[in-house]
Amino acid sequence: MTNDAEIPLTRSQRRAARLARQKQIEQRYHKDRQRNVLAQPGPHTFAFVLDHLKAGFNVPKIFRSVQAFGGAEVHLVNIGVFDTAPAKGAFRKVPARFHETFDSAWTDLCDRDYTLLCPDRRR
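Since the structure is predicted, the reported quantities are computational estimates derived from the model, not experimental observations. (Residues numbered from 1 in each chain as written. Predicted model: local features only at pLDDT ≥ 70, side-chain atom pairs only at ≥ 80, totals over all residues. Heavy atoms only, no water.)

Draft legend 1. Broad picture of the pattern of salt bridges. Evaluation of the coordinates by the stated rule reveals eight salt bridges. In this structure, the salt-bridge partner of Arg97 is Asp108, at a minimum N-O distance of 3.7 Å. Of this pair, Arg97 sits in strand S3 (residues 96–99) while Asp108 is found in helix H4 (residues 102–111), placing the two residues 11 residues apart along the sequence. Between Asp108 and Arg112 there is a salt bridge, and its shortest N-O distance comes to 3.1 Å. Judged by its relative accessible area of 33%, Arg112 is partly exposed. A network of salt bridges, in which partner residues are shared, links Glu73, Arg97, Asp108 and Arg112. (Salt bridge = Lys/Arg side-chain N within 4 Å of Asp/Glu carboxyl O. Helix = DSSP H or I, 4+ residues; strand = E, 2+ residues; numbered from the N terminus. Buried < 20%, exposed > 50% of the residue type's maximum accessible area, 1.4 Å probe, protein only.)

Draft legend 2. Structural view of the side chain of His75. Positionally, His75 belongs in strand S2 (residues 73–77). Separated by 2.8 Å, the side chains of His75 and Glu73 make a polar contact. Those residues in contact with His75 that sit more than four places away from it in its chain are Ala47, Phe48, Val49, Leu50, Arg97, His99, Ala105, Asp108, Leu109 and Arg112. (Polar contact = N/O pair within 3.5 Å; in protein donor to acceptor, adjacent residues only side chain to side chain. Contact = heavy atoms within 4.5 Å.)

Draft legend 3. Region of interest: the side chain of Glu73. For Glu73, the location among the structural elements is in strand S2. There is a polar contact of 2.4 Å between the side chain of Glu73 and the side chain of Arg112.

Draft legend 4. Structural detail: H4. Three or more residues of H4 are buried, namely Ala105, Asp108 and Leu109. When H4 is viewed along its axis, its buried side chains cluster within an angular range of 95 degrees and face the same direction. When the buried face of H4 is taken as reference, the exposed residues oriented beyond 90 degrees from it are Asp103 and Asp111. Where H4 is buried, its residues meet strand S1 (47–51), S2 and S3. With its phi angle positive at about 65 degrees, Asp113 sits one or two positions after the end of H4. (Arc of directions from axis to C-beta.)

Draft legend 5. Broad picture of the environment of Asp32. With respect to the helices, strands and loops of the structure, Asp32 is situated in helix H1 (residues 11–35). With a relative accessible area of 5%, Asp32 lands in the buried category. In contact with Asp32, not counting residues within four places along its chain, are Thr84, Phe91 and Arg92. A distance of 2.5 Å separates polar atoms of two side chains, one belonging to Asp32 and the other to Thr84.

This is the structure we're talking about:
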């Protein structure tokens, strides 16, 4: 008697499983993005701008950090669909603003009197 875990998956089965997982991630992302409309800013007036990060580069974990420190919002510049599950619900509680370009994020923050800080890259 063989155990199903011992039988290796074929290439097409692995591809089908990967596509099914990606579809689940996209569905969860769109559902959570709709819920994000109800998110309220935290007590502190700082915002993070995530500019062109790859979707898998801990974007949801950054939402958890912003929530933990009471941040107002997160601006996402040209970041595609990402898995919101690692955010543990923070994506629904921290307001997200979506931008196609950094200039639109910059303009939005300046119009609302944010002081913008950039890291020194000359080191």
